[in-house]
Amino acid sequence: MEYLLNLYNQILKLYEIKMLGTTFDILKVVIIAYIAKKLGYLLIDRFYVMQEKSKIQFSERKIKTLSSLTKNILRYVIYFVAIYSILEILGLKMGSILAVAGVGSLAVGFGAQSLVKDVITGFFIIFEDQFGVGDYITINNFSGTVEEIGLRVTKIRDFSGDLNIIPNGEITSVTNHSKGAMRALVTIGISYEEDVDKALKILNEICNAVKKDRDDILEGPSVLGITNFKDSAIEVTIIAKTKPMQQWAVERDLRYRIKQEFDDNSVEFPYPHMDVVLKDINKKGDSDAERD
């Protein structure tokens, strides 16, 4: 009985030593994978910084997109190698697993159709340069700035700060607001009682001043003239072409200056109002009584 107990204790110690060694090996794989990922990210960033100084240069937008994609691919490769190594340490023969996976590849293929679709769509998004990191876009009613483009998903952050993660295979339409000149449009209401010529002159002076002060305006701003008649206002439209993503800043600047100049020149902004005419019914009744 004592002999069996000693044998059991020896086996238990060997098992504990083996488990300790296995845990240590797994920990080594995790640490190596973490270091490889950080080192790979550093080398990718260093490579694209060096590329900016080379003769063949890409735009900053393109560099960010390629850097994000390269890091994405590197992360998947490191994760796959790490998981493969951990399974080998645990005693799972990957050759047998791959053989079984080969038999069931048809079923896996049907189940991974959406994944394949995401990857193919992501490849064509990058190949066709539909949008890049830093672009302001609209995808499937989601609008925001592109933070990351991967082979499987695209991440965009909206103005509220929410991060929208969209599978590439579900992208059916894309509106890129950052390509080419953008339009700044400001509509100003002028009261019917005001001197229209005076108001138009002030607006033209404002447009000329804004054009001189800002370097993000490509064309205009120009006063188109009277574009509509409302119930209590005459509408005048100002239009300009700006650099991508600067149209809102130009519109805000125009509105601010218009408010200041209109106040300084006593030009009133219109407001909804209603004229009420009161008839003196008693006076009419007294007249009828006198007639009788």
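Residues numbered from 1 in each chain as written. Predicted model: local features only at pLDDT ≥ 70, side-chain atom pairs only at ≥ 80, totals over all residues. Heavy atoms only, no water.

The protein chain is annotated in an unreviewed UniProt entry as Small conductance mechanosensitive channel of Thermoanaerobacterium butyriciformans. Database annotation for the protein chain, UniProt heading Sequence similarities (unreviewed entry): "Belongs to the MscS (TC 1.A.23) family." Regarding the protein chain, the relevant UniProt record gives this comment under Subcellular location (unreviewed entry): "Cell membrane". (UniProt positions renumbered as here; feature names shortened; annotations may be inferred.)

For the structure on display, the rule yields four aromatic pairs. For the pair Tyr136 and Trp248, a centre-to-centre distance of 5.5 Å together with 85° between the ring planes defines the contact as edge-to-face. A residue pair is termed long-range when its members are at least 10 positions apart, and Tyr136 in strand S1 (residues 136–139) and Trp248 in helix H7 (residues 247–264) qualify at 112 residues. Judged by relative accessible area, Tyr136 falls into the buried class, the value being 10%. With centroids separated by 5.1 Å and ring planes inclined at 35°, the aromatic side chains of Phe262 and Phe269 adopt a geometry described as tilted. Using a relative accessible area of 30% as the deciding quantity, one classes Phe269 as partly exposed. Through successive ring pairs, a cluster of aromatic residues spans Tyr136, Phe159 and Trp248. (Phe/Tyr/Trp six-rings, centres within 6.5 Å; stacked < 30°, edge-to-face > 60°. Helix = DSSP H or I, 4+ residues; strand = E, 2+ residues; numbered from the N terminus. Buried < 20%, exposed > 50% of the residue type's maximum accessible area, 1.4 Å probe, protein only.)

Here the UniProt feature "transmembrane region" (unreviewed entry) sits at residues 26–44, 73–91 and 97–116. Between the end C-alpha atoms of residues 26–44 the distance is 27 Å, and the span holds 100% helix and 0% strand. Taken as a whole, residues 73–91 contains 89% helix and 0% strand, while its terminal C-alpha atoms sit 28 Å from one another.

All right, on to the sheet that holds strand S3 (residues 153–157) then. Read across the sheet, five strands follow the order S4-S3-S2-S1-S5 without closing on themselves; strand pairing throughout is antiparallel. Bordering the open sheet on either side are strand S4 (163–167) and strand S5 (174–176), each of which pairs with just one other strand. Neighbour-to-neighbour, the strand axes of the sheet open up by a mean angle of 40°, direction not taken into account. Inspection of the sheet shows S3 paired to S4 by five bridges, in the antiparallel sense. Bridge assignment links Lys155 to a residue of S4, and that residue is Ile165. (Pairing = 2+ DSSP bridges. Axes fitted to C-alpha atoms, helices over the stretch in contact; angles between N-to-C directions.)

Next up on the list: the nonpolar core. What tends to happen in soluble globular proteins is that the nonpolar side chains get buried as a cluster. The biggest cluster of nonpolar side chains holds 23 residues, and the ones touching the most others in it are Leu203, Val223, Ile238, Leu254, Ile258 and Phe262. Taken together, the elements giving at least two residues each to this core come down to strand S6 (182–190), helix H6 (196–213), strand S7 (217–229), strand S8 (234–242) and H7. Here this core takes eight residues from H6, the largest share from any one element. In contact with Leu254, not counting residues within four places along its chain, are Val186, Ile206, Val210, Pro221 and Ile238. Ranked by size, the runner-up nonpolar core spans 12 residues in total, among them Ile126, Ile137, Ile139 and Ile171. (Core = buried A, V, L, I, M, F, W, Y, C linked by side-chain atoms within 4.5 Å. Contact = heavy atoms within 4.5 Å.)

Among the secondary structure elements, Lys179 is positioned in the loop between S5 and S6. As for Lys179 and Met245, which are separated by 66 residues in sequence, their C-alpha atoms are 9.3 Å apart.

So, about the pairing of S7. Relative to S8, S7 runs antiparallel, the two being bridged by eight bridges. When the sheet's bridge partners are listed, Ile226 is paired in S8 with Val236. Linking two consecutive strands that pair antiparallel, namely S7 and S8, is a turn of four residues.

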